[in-house]
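# Commentary on secondary and tertiary structure
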Amino acid sequence: MNKVIKYVIYDILRNKFVMSYTLLLLLVSLAFFGFEADANKGLLSLLNIILMVVPLVSIIFTTIQFYNSYEFLELLSAQPIGRKTIFLSQYLGIGISLCLAFVIGVGLPTILLEGTTKGLTLILCGLLLTLVFVSLALLASVCTKDKAKGIGIALAIWFYFSIVYDGFVLTALLSFSDYPLEKASLFFTTLNPSDLARIIILMKLDISALLGMTGAIFQQFFSSILGIFIAIVLLILWIIVPAWRALAIFNKKDL
Amino acid sequence: MIRFENISKTFGKHTVLQNIALTFEQGQAVAIVGPNGSGKTTLIKSLLGMVIPDTGSIYVDNQNIKHDFSYRSKIGYMPQIGHYPPNLSIRQLIEMMTDIRKGIIDSKQLDFDIIKDFELEKIYEKKLGTLSGGTKQKVSAALAFLFDPQILILDEPTAGLDPLASEILKQKIFKEKNKGKLILLTSHILSDLEELSSHLLYIQDGQIQLFKQLSQLKEEYDETRLSKIIARLMQVKLSPSLPQPYWV
Amino acid sequence: MKKLTVIFILLSQLTFAKTWKVNNTSELLKSVAHSSKNDSVIVKKGIYHITNLIIDKPIYLIGGESQPQNYPIFDANYKGEIITVKSSGVYIGKIEFRHVGETSSIDWAGIKVLESSNVTIKNNYFRDCYFGVYLSACTKIQVLGNTVIGHPKEEQTTGNGIHAWKCDSIKIANNYVQGHRDGIYFEFVTNSLIRQNFTTQNIRYGLHFMFSHNDTYELNQFVNNGAGVAVMYTKHVTMRSNLFKNNWGGAAYGILLKDISDSQIQHNQFISNTVGIYLEGCSRTNIIQNEFSNDGIAMRIQASCDDNLIQNNNFIANTFDIATNGNSVYNTILKNYWEKYDGYDLNHDGIGDVAYRPVSLFSTLIERVPQTMMLLRSFTASLLDKIEKIIPSLTPENLKDESPLMKPIRLVPFNPKAVTVQKS
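These numbers come from a predicted model, not from an experiment.

Cut-off values and rules
- Residues numbered from 1 in each chain as written.
- Chains lettered and ligands numbered in written order.
- Predicted model: local features only at pLDDT ≥ 70, side-chain atom pairs only at ≥ 80, totals over all residues.
- Heavy atoms only, no water.
- Contact = heavy atoms within 4.5 Å.
- Buried area = accessible area lost by both parts, 1.4 Å probe.
- Salt bridge = Lys/Arg side-chain N within 4 Å of Asp/Glu carboxyl O.
- Polar contact = N/O pair within 3.5 Å; in protein donor to acceptor, adjacent residues only side chain to side chain.
- Nonpolar A, V, L, I, M, F, W, Y, C, P; charged D, E, K, R; others polar.
- Pairing = 2+ DSSP bridges.
- Helix = DSSP H or I, 4+ residues; strand = E, 2+ residues; numbered from the N terminus.
- Axes fitted to C-alpha atoms, helices over the stretch in contact; angles between N-to-C directions.
- 1 Å grid on protein atoms, 1.4 Å probe; cavity = no way out; pocket = protein on both sides within 12 Å on 5 of 7 lines; lining within 4 Å.
- Points joined across faces, edges and corners; volume = space filled by probe spheres on them.
- Buried < 20%, exposed > 50% of the residue type's maximum accessible area, 1.4 Å probe, protein only.
- Disulfide = S-S within 2.5 Å.

On to the interface of chain A and chain B. Across the contact, 25 residues belong to chain A and 31 residues belong to chain B. Around 2600 Å² of area is buried between chain A and chain B when both sides are counted, 59% of it from carbon and sulfur atoms. Counting across the interface, chain A meets chain B through three salt bridges. Between B:K45 and A:E74 there is a salt bridge; the shortest N-O distance is 2.9 Å. Counting the contacts that link chain A with chain B gives twelve residue pairs in polar contact (both at pLDDT 80 or more). Here the side of chain A that touches chain B is composed, by residue class, of ten nonpolar, five polar and ten charged.

Residue and element names in this part refer to chain C. Pairing in this open sheet of twelve strands is parallel, and the strands run β4-β7-β10-β13-β16-β19-β22-β25-β28-β31-β34-β37 from one edge to the other. What marks the edges here is a single partner per strand, and that holds for β4 (53-55) and β37 (320-324). Here the average twist between neighbouring strands, direction ignored, is 10 degrees. Across seven bridges, strand β25 (residues 228-235) lies against strand β28 (residues 253-261) in parallel orientation. What sits directly across from G228, in β28, is Y253. The strands touched by helix α3 (residues 361-368) within the sheet are β34 (297-301) and β37, with β37 carrying the most contacts at an inclination of about 45 degrees.

With that settled, the discussion passes to empty space enclosed by the protein. A full pass over the atoms with the stated rule returns three cavities of 30 Å³ or more. There is about 90 Å³ of room inside the largest cavity. Together, A:A78, A:Q79, B:S73, B:I75, B:G76, B:Y77, B:M97, B:R101, B:L143, B:A144, B:F147 and B:P149 line the largest cavity. Looking at which element gives the most residues to the lining of the largest cavity, the answer is strand β6 (residues 75-78) of chain B, with three residues.

It is worth spelling out the interface of chain C and chain A at this point. If you look at the interface, chain C gives 26 residues, while chain A gives 38 residues. Of all residues in chain C, C:Q371, C:M374 and C:R377 give up the largest surface area on contact with chain A, accounting jointly for 29% of the area buried on that side. Taken together, chain C and chain A are joined by zero salt bridges. If you look at where chain C meets chain A, you find two residue pairs in polar contact (both at pLDDT 80 or more). Ranked by residues supplied to the side of chain C that touches chain A, first place goes to helix α4 (residues 379-390) of chain C with three residues. For the side of chain C that touches chain A, a count of residues per class yields eleven nonpolar, twelve polar and three charged.

Another point: the pattern of salt bridges. A full pass over the atoms with the stated rule returns 32 salt bridges over all chains. Across the pair B:E167 and B:K170 runs a salt bridge, and its minimum N-O distance is 3.9 Å. Note that B:E167 and B:K170 are positioned in helix α5 (residues 163-178) at a spacing of three residues, about one turn of the helix. Overall, the relative accessible area of 34% leaves B:E167 in the partly exposed class. Judged by its relative accessible area of 8%, B:K170 falls in the buried class. A salt bridge links C:K258 to C:E280, with the nearest nitrogen and oxygen atoms 3.1 Å apart. Of this pair, C:K258 sits in strand β28 while C:E280 is found in strand β31 (residues 275-280), placing the two residues 22 residues apart along the sequence. Judged by its relative accessible area of 24%, C:E280 falls in the partly exposed class. Several salt bridges share partner residues, and in doing so they unite B:D111, B:D113, B:D148, B:K172, B:K175, B:E176, B:K179 and B:K181 into one network.

Before going further, it helps to examine the side chain of A:E74. Within the secondary structure layout, A:E74 lies in helix α4 (residues 70-77). Assessed through its relative accessible area of 15%, A:E74 is described here as buried. Apart from residues lying up to four places away in sequence, A:E74 is in contact with A:L255, B:K45 and B:M50.

Empty pockets left among the atoms are what a rolling probe the size of a water molecule brings to light. In this model, the second largest pocket occupies a volume close to 560 Å³. Those elements that place two or more of their residues in the lining of the second largest pocket are α5 (83-114) and α12 (225-252) of chain A together with β4 (55-60) of chain B. A total of three residues in the lining of the second largest pocket trace back to one element, the largest contributor, which is β4(B). Tallied by class, residues from the lining of the second largest pocket come to eight nonpolar, eight polar and six charged.

Attention now moves to unusual backbone geometry. The residue B:N62 is not glycine, and still its phi comes out positive at about 65 degrees. Positionally, B:N62 belongs in the loop between β4 and β5 (63-64). Residue B:N62 is classed as exposed on the basis of its relative accessible area, which comes to 63%. Unlike most non-glycine residues, C:D262 shows phi in positive territory, near 50 degrees. Relative to the helices and strands, C:D262 is located in the loop between β28 and β29 (264-266).

Here the focus is the environment of C:Y125. Residues and elements named next belong to chain C. Here Y125 is to be found in strand β12 (residues 125-127). In this structure Y125 comes out as buried when scored by relative accessible area, which is 2%. In this structure the C-alpha to C-alpha distance between Y125 and I73, which are 52 residues apart in sequence, comes to 9.1 Å.

What follows concerns the state of the cysteines. If you walk through the whole model with that rule in mind, you get zero disulfides over all chains. Cysteine A:C99 is unpaired, with the sulfur of A:C125 as its nearest cysteine sulfur at 13 Å. The cysteine C:C129 is free of any disulfide, with C:C138 supplying the nearest cysteine sulfur at 18 Å.

A separate point is the sheet that holds strand β1 (residues 2-11) of chain B. Residue and element names in this part refer to chain B. Spatial ordering of the open sheet is given by β2-β1-β4-β5, a layout of four strands whose pairing is antiparallel. Looking along the sheet, the strands with just one partner apiece sit at the ends: β2 (14-24) and β5. As judged from the five bridges shared by β1 and β4, these two strands associate in the antiparallel manner. In the sheet register, I2 faces β4, and the bridge partner there is V60.

Have a look at this one:
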């Protein structure tokens, strides 16, 4: 498999879009840490980037990259390698490249200027979210042959998880506030990778506030090491499950 | 060498291949001809594993190609239009294709004829994204022949090539044919097909209308030129009782 | 002649004050029993099995060594109390008290002082005692430089570190209390001082303070206690220059203020608490020049509070600055520094030109439906707050700082080194 990944990464890393993405992240990180006297506030500003920009770029770039290399994937599938290898090399090629961009753009400044557990949690969640949205993008891409439609689906997925979903949850929580919603709120969180990542980061940044929650189950869950561990495992499932579905479809797909 | 057994394929409601049964033997150079949408490309793609047939099996050297991709090391494929990762150089592309076959094919047996004849070494470090359509076509040709495969599948090989390059490529195809390799060709340039092929496979509406030796056909139709034969084949199909086919 | 008699009596006192050196338990019991007023009993290093020793005359009971690890050890083997003081003028120092028993009917302690005055308990070590020091109906007691460390099991079976009931003019200073129910407990204690103590990891409150008027506590550190500090039902209490840190939990507060009036809260630091100050039923209290940073909610002001003044405080990096359950505001909030303030100061007088509203819509939502906390810092939450800023609808209209400061107040940072406590 690494026979192909190496070249996919090599190709994507010299992609102008990925280079600008890296540069943008780097500038934004430095600006946030530079402007804010309090590193904590810098991290909070970065949090918004990680929750909004990183998923958007990951999902759109992956989708476009998939459709742009469609003919190349065809050619590869005429070579003596399996579909699985082709898919995984694309997935890992894109995933590793975007993660590398994130590590250079956000990881390095954060480690240098705020190398605490808070900073490291932020980086970990950013990387996991990148991979989640690469997975979702590939799932969207293998479902349709039409590039415009694929990008449309990808954008819709991003819009749903980053904006719409929380609106639904808020509406639900407010309309059914007479019912015990503790378990529900925990459940809602696990159904959105962005929410999961946000809560994991907030357990480090806003721990004082979150621990004040009267919703004991939610608080107990996320404040324990086990809870954070489960949350990370769930995020990893958000990477694996869509990617695995996408692979299953790609395996049977007519190119 | 290659055997299709009752291959059928539908895309949605549209039947593209219908019960194809066919055998290609070593030494044949088969011109695959048919109107647009007749199923030529799907036939080639199913042989390459890009399209998975609904029913039937395909055998290459008596090995069922389903669930086993190793047979593809015997095939050199030149696509109609080559799209490559834009930021890789020609050298890296060739390295990658060689890496894929590491352990399967002896690197000493590589066939650099085309690379030399097209003088690709001079632009080895150029990024694929900056190449013209014709140059990309040369790269595609080089890759198809590089591993000295027993089977060559060439989809519109001369399209986009200048006359000189086109001639070099045809010479190479001719040479390989004489070595006893199996060559499958599609082209809109009938004179090329006439020059290069020994057999004609005519497909229409997903069915094989005809698969014969070219010399035999010429006798049957009493025509010396392939274009005339094909024109007559199409006329037969265009009987007035049938509705006008969509590809006209 | 009268003068001579006085001098003679004083001299005889000095001359006849005897020093007893003891080596084992029986010697110790004997010397305490036979000692007379102002005698010193000096206890050598070693283990002494003592339960319910009563001291009913003013003597000095002191360990012979000054390093805590060489203190003589008084061990009750979990069978009862160690020392009960029933006389004024007693001094107990440099002794380690161990293994006081637990019962539900009597509050056994390392040292219990009953109805006495002028007793000093200094530089002792209490380990695994049900109660460490227990003062009941005393005056002018000094509890200084002691270390009290327990291993708490549950609230019912753990006593308080330093417990004072119905006392007056006592001083609790430089003590370290860890692992008890309440670190320091004050009930009906008046005119007293709590100074430079360090309480941590107590399962309920670091300081529990009730019906104790005219007291002052200052320069103390209350870190990571189960529920922080509670100050309740009290008038005229001064809380100054203390540090309240890392008090986390659903019912944990830097300070819980309940029914407090005419009090002062100044120069304190509230760092990383779930709630910095919780005010309920408080009146005429000044909260001035404090620092609130990294708190979940810096101040929660319940609607039952009135006439309080919140001025010149710094609110920095808190998740929420102020939360409230009411709509009307009877308190004055003025000239504070709010880090979240994004207004402008055109005339450069250091005061923002537009008012700051410290209560966000999202915090109001959390008030009503706590589960919405899961949306903290989400796009949806910040969108709601932005809209609310433009058209206030749910947040109290009058709760605002009309003159927010553009720069934080410079406060003298708390210096933990100023507090010397012994800890081994």
